[in-house]
Amino acid sequence: MNAKNEQAVQHDPTLVAIALKDLSSAHCFCGRRKRDQQSFCRDCTSLLPLELRAELGNSIKSGYAEAYEAAKTYLCDQPIERLRGLRAGAA
């Protein structure tokens, strides 16, 4: 690990707690079922940009909670028609 990665980073304890709770949940924040230890259900994950999906692979110390919060914000900003299309199976 290089010195840049070893720097102490301050994380919002509330964001970390929410992210960890949601990670262990059987339901995505959208309400659909998801796999344990997955951030989102398959449909929500498919809507995320690749860069954001990659950031969800970070550890808590490397910014997972912040990436999770950014992903939820991104999904909430998507047009409802796009989300409905996923539920109908027309991604």
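Structure report, in brief.

Calculation criteria
- Residues numbered from 1 in each chain as written.
- Predicted model: local features only at pLDDT ≥ 70, side-chain atom pairs only at ≥ 80, totals over all residues.
- Heavy atoms only, no water.
- Phe/Tyr/Trp six-rings, centres within 6.5 Å; stacked < 30°, edge-to-face > 60°.
- Helix = DSSP H or I, 4+ residues; strand = E, 2+ residues; numbered from the N terminus.
- Buried < 20%, exposed > 50% of the residue type's maximum accessible area, 1.4 Å probe, protein only.
- Expected span 1.5 Å × (residues − 1).
- Arc of directions from axis to C-beta.

## Description of the packing of aromatic side chains
Working step 1: Applying the stated criterion across every chain yields a total of 3 aromatic pairs.
Working step 2: An angle of 20 degrees between the planes, with centres 6.0 Å apart, marks the rings of Tyr64 and Tyr68 as stacked. Taken together, the residues Tyr64 and Tyr68, both in helix H5 (residues 64-76) and 4 residues apart, mark about one turn of the helix.
Working step 3: For Tyr64, a relative accessible area of 3% translates into the label buried.
Working step 4: The exposure class assigned to Tyr68 is buried, which follows from its relative accessible area of 1%.
Working step 5: Each member of the aromatic cluster is reached from another via a ring pair, and the members are Phe29, Phe40, Tyr64 and Tyr68.

## Considering helix H2 (residues 13-24)
Working step 1: Across its 12 residues, H2 extends 17 Å between first and last C-alpha, which sits within 8% of the 16 Å expected from 1.5 Å per residue.
Working step 2: Among the residues of H2, those classed as buried are Val16, Ala19, Asp22 and Leu23. Along the axis of H2, the buried positions cluster into a sector of 140 degrees, meaning they face one direction only. Facing away from the buried side of H2, by more than 90 degrees, are the exposed residues Pro13 and Lys21.

## Section: H5
Working step 1: A rise of 1.5 Å per residue sets the reference length of H5, with its 13 residues, at 18 Å; its end C-alpha atoms lie 18 Å apart and thus fit the reference within 8%.
Working step 2: Listed as buried for H5 are Tyr64, Ala65, Ala67, Tyr68, Ala71, Lys72 and Leu75. End-on view of H5: buried residues confined to an arc of 160 degrees, all on one side of the axis.

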